[in-house]
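The lines below spell out each chain.
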2 protein chains.
Amino acid sequence: MKTLTGKALAAAIRERTQAEAASGPQPRLAVVVATADEASLWYVRSIAKAAAGVGIVCDVVDLGPEAAPEQITATLARLSADDHVHGVLLQTPLPAGASAQELATAIDPRKDVDGANPLSLGRLAAGLPAFPPATAAAVMALLDHYEVALEGRRAVVVGRSTVVGKPLAHLLLDRHATVTVCHSRTRDLAAVTAQGEVLVAAAGRAGLIGAAHVAPGAVVIDVGTNPTADGGLTGDVDAEAVAETAGALTPVPGGVGPVTTALLLRHTARAANLP
Amino acid sequence: MKTLTGKALAAAIRERTQAEAASGPQPRLAVVVATADEASLWYVRSIAKAAAGVGIVCDVVDLGPEAAPEQITATLARLSADDHVHGVLLQTPLPAGASAQELATAIDPRKDVDGANPLSLGRLAAGLPAFPPATAAAVMALLDHYEVALEGRRAVVVGRSTVVGKPLAHLLLDRHATVTVCHSRTRDLAAVTAQGEVLVAAAGRAGLIGAAHVAPGAVVIDVGTNPTADGGLTGDVDAEAVAETAGALTPVPGGVGPVTTALLLRHTARAANLP
């Protein structure tokens, strides 16, 4: 089994992004945070650090874990209207009772660098210009980087979230794959996933995908980032179990993750250069 | 094989719509036309007649087959801003060079009774309130009317259009089906479609679906409306060929079609009653 690491690809994307960022007004990304979740805050710090590395300013707007939805909406609207801000990201988790989809409608689609506004998803589905969610875009970038053919092939996505599974289904359809979306209610998951020549695991359940779920030679992309007891991360795929069956697998960490962050920055640089 | 006609369901929807239409301001639907296509104009006349039958005013705004995209956009925006208009429909085909998806962004989502604005599709996909395209809604209404179970079952959609295949995939996912979308680039279409316990044909190719494409006992919904040489309509499914295999099939005409028109009117009545 081939291991499809994301580090070299992420570095290449960051390098091009740095050049793009230097070619116009300095890009500025605003990350709106309303949580005390440590993993989430760690991720925001890693975005800020990566942004600095490519010449993008990253403002973290921390509203605290008690922020009211109205306050979050107002902040997103204010940042969307601010000419000095080019990208707006709403970090999850959110306070209880707040809907990420509903709040994200306040993000200007031209600044929606993580494709969170339902309008971005709709435009993506309709084939109009839009920023896809960075994670979904990272899956496609990895498939392209490793020259995985998609046209006419069977792609199976496990997970139907608005941020990964659904937009990814549209991106794969655009590339002429035959796309199946599975989820927690799917009967006999292994029988369905074993039909995928390309299998994307984005369910958020550690070890969900084992040997029986994978077609011989399949390319498996692991989007899962599940916390482990020792403070690390593990994917949705049991890498050891599928090693004999899968043709290729992205590692966790070091696969989709770094590419996602790099693409979030690239989207921000592009947003800064929009006419 | 059971025949799943749409006429009784359509009549029931029209009846409830008539009551809804009478309960508030008289609903008004504006249909924007920019074509000389006879089939399209015939369909618009049939909508206008059906609207009158349930107490909905239908204005046909005919811009002629030479209308410029800017003129269509301006008309859609004007109707969207008109307090007396509750539903706005952009009829296809459009003049060469005009994109239905792009133009439909000018329709206020609250008046987008045929779910043509990409924002409506995105909201649908994100689980937010939105009008789905009437055709996609009609497929779901027929499945519900005939009490076809969806949760955990395999549904296969043939066709990936923005007006039918894609929104339908989201509606089926919402109902917890495992959904596969096929299209013209799908390899071995019959092998894929034969996995569907529910099979929806929305490819626009007469007779595409034959016996080999259908699982024994499958429920088959035929969305195709392909013109025949004698001026009639035929579906995407070869009804005679699948008669021994399919468990149930919607006829063309008389299946999805009448339910689609009835739902377009229901959406208009609902739009008129929006707070």
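Residues numbered from 1 in each chain as written. Chains lettered and ligands numbered in written order. Predicted model: local features only at pLDDT ≥ 70, side-chain atom pairs only at ≥ 80, totals over all residues. Heavy atoms only, no water.

Chemist: What exactly am I supposed to notice about the UniProt feature "binding site: NADP(+)" (unreviewed entry) in chain A here?
Modeler: All names here are of chain A. In the numbering used here, UniProt assigns the "binding site: NADP(+)" (unreviewed entry) feature to Gly-159, Arg-160, Ser-161 and Thr-225. The residue Ser-161 is located in the loop between strand S5 (154-158) and helix H7 (165-174) in this model. Aside from chain neighbours lying at most four places away, what touches Ser-161 is Lys-166 and Pro-167. In this structure Thr-225 touches Leu-233 and Thr-234, once residues within four positions along its chain are discounted. (UniProt positions renumbered as here; feature names shortened; annotations may be inferred. Helix = DSSP H or I, 4+ residues; strand = E, 2+ residues; numbered from the N terminus. Contact = heavy atoms within 4.5 Å.)

Chemist: Please clarify how the relation of the copies chain A and chain B should be interpreted in this entry.
Modeler: Relating one copy of the chain to the other takes a rotation about an axis and a shift parallel to that axis. Here chain A sits on chain B after a turn of 180° about the axis and a move of 0.0 Å along it, with an RMSD of 0.0 Å. Within this description, the copies of the chain are treated as partners about a two-fold rotation axis. When you check the interface residues of chain A against chain B, 97% turn up at the interface there too, and the contact is symmetric in its surfaces. (Least-squares fit on C-alpha atoms with pLDDT ≥ 70 in both.)

Chemist: How should the environment of Thr-3 of chain A be read in this particular structure?
Modeler: All names here are of chain A. By secondary structure assignment, the location of Thr-3 is in strand S1 (residues 2-3). Take Thr-3: its relative accessible area is 44%, and that puts it in the partly exposed class. With 240 residues separating them along the chain, Thr-3 and Ala-243 place their C-alpha atoms 9.7 Å apart. Those residues in contact with Thr-3 that sit more than four places away from it in its chain are Leu-249 and Pro-251. (Buried < 20%, exposed > 50% of the residue type's maximum accessible area, 1.4 Å probe, protein only.)

Chemist: I keep staring at the sheet that holds strand S11 (residues 248-249) of chain A and nothing clicks. Help me out?
Modeler: Strands pair in a sheet through their backbones, by hydrogen bonds, and they do so in one of two ways: parallel or antiparallel. Taken in spatial order, the twelve strands line up as S1(A)-S11(A)-S8(A)-S7(A)-S5(A)-S6(A)-S6(B)-S5(B)-S7(B)-S8(B)-S11(B)-S1(B) in an open sheet, and their pairing is mixed. Every other strand in the sheet has two partners, leaving S1 of chain A together with strand S1 (2-3) of chain B as the edge strands with one partner each. Pairing of S5 of chain A with strand S6 (residues 178-182) of chain A involves five bridges; the strand directions are parallel. Directly across from Ala-155 of chain A, in S6 of chain A, lies its bridge partner Val-179 of chain A. (Pairing = 2+ DSSP bridges.)

Chemist: What is the right way to look at helix H3 (residues 69-81) of chain B in this model?
Modeler: Each full turn of the α-helix corresponds to 3.6 residues, which orients residues three or four apart in the same direction. All names here are of chain B. Here H3 contains 13 residues, and its C-alpha end-to-end distance of 18 Å stays within 8% of the 18 Å for a straight helix at 1.5 Å per residue. Residues of H3 that are buried: Ile-72, Thr-75, Leu-76, Leu-79 and Ser-80. The buried side chains of H3 occupy one side of the element, clustering within an arc of 135° when seen end-on. Turned more than 90 degrees away from the buried face of H3, the exposed residues are Glu-70 and Ala-81. Buried residues belonging to H3 abut strand S2 (28-33), strand S3 (57-62), strand S4 (87-90) and helix H4 (100-104). (Expected span 1.5 Å × (residues − 1). Arc of directions from axis to C-beta.)

Chemist: What is the right way to read the interface of chain A and chain B from this model?
Modeler: Where interface size is quoted, it is often the accessible area lost as the parts come together. Every contact between the two is made by 35 residues of chain A and, on the other side, 34 residues of chain B. At the boundary of chain A with chain B, total buried surface from both sides reaches about 3000 Å², with 52% on carbon and sulfur atoms. Contact with chain B buries surface across chain A, with Lys-166, Leu-173 and Arg-185 of chain A losing the most and accounting together for 17% of the total. Seen at the junction of chain A and chain B, the total is two salt bridges. The salt bridge involving Glu-151 of chain B is made with Arg-185 of chain A; its shortest N-O contact spans 2.9 Å. (Buried area = accessible area lost by both parts, 1.4 Å probe. Salt bridge = Lys/Arg side-chain N within 4 Å of Asp/Glu carboxyl O.)

Chemist: I would appreciate a short explanation of the UniProt feature "domain: Tetrahydrofolate dehydrogenase/cyclohydrolase catalytic" (unreviewed entry) in chain A in the present structure.
Modeler: Per the UniProt entry, the sites bearing "domain: Tetrahydrofolate dehydrogenase/cyclohydrolase catalytic" (unreviewed entry) are residues 4-114 of chain A in this numbering. For the annotated span residues 4-114 of chain A, helix accounts for 45% and strand for 14% of the residues, and the straight-line distance between the end C-alpha atoms is 23 Å.

Chemist: How should the state of the cysteines be read in this particular structure?
Modeler: Note: disulfide means a covalent bond formed between the sulfur atoms of two cysteine side chains. Tallied over the entire structure, the rule returns zero disulfides over all chains. The closest cysteine sulfur to the non-disulfide-bonded Cys-182 of chain A is located on Cys-182 of chain B, 14 Å from its own sulfur. Among the residues examined, Cys-182 of chain A registers a relative accessible area of 0% and is labelled buried. (Disulfide = S-S within 2.5 Å.)

Chemist: Even after reading the chapter, I still don't get the side chain of Thr-17 of chain A, so can you show me in this structure?
Modeler: All names here are of chain A. As for its placement among the helices and strands, Thr-17 is situated in helix H1 (residues 7-22). Classification of Thr-17 by relative accessible area gives buried; the value is 1%. Side-chain polar atoms of Thr-17 contact the backbone oxygen of Ile-13, separated by 2.7 Å. (Polar contact = N/O pair within 3.5 Å; in protein donor to acceptor, adjacent residues only side chain to side chain.)

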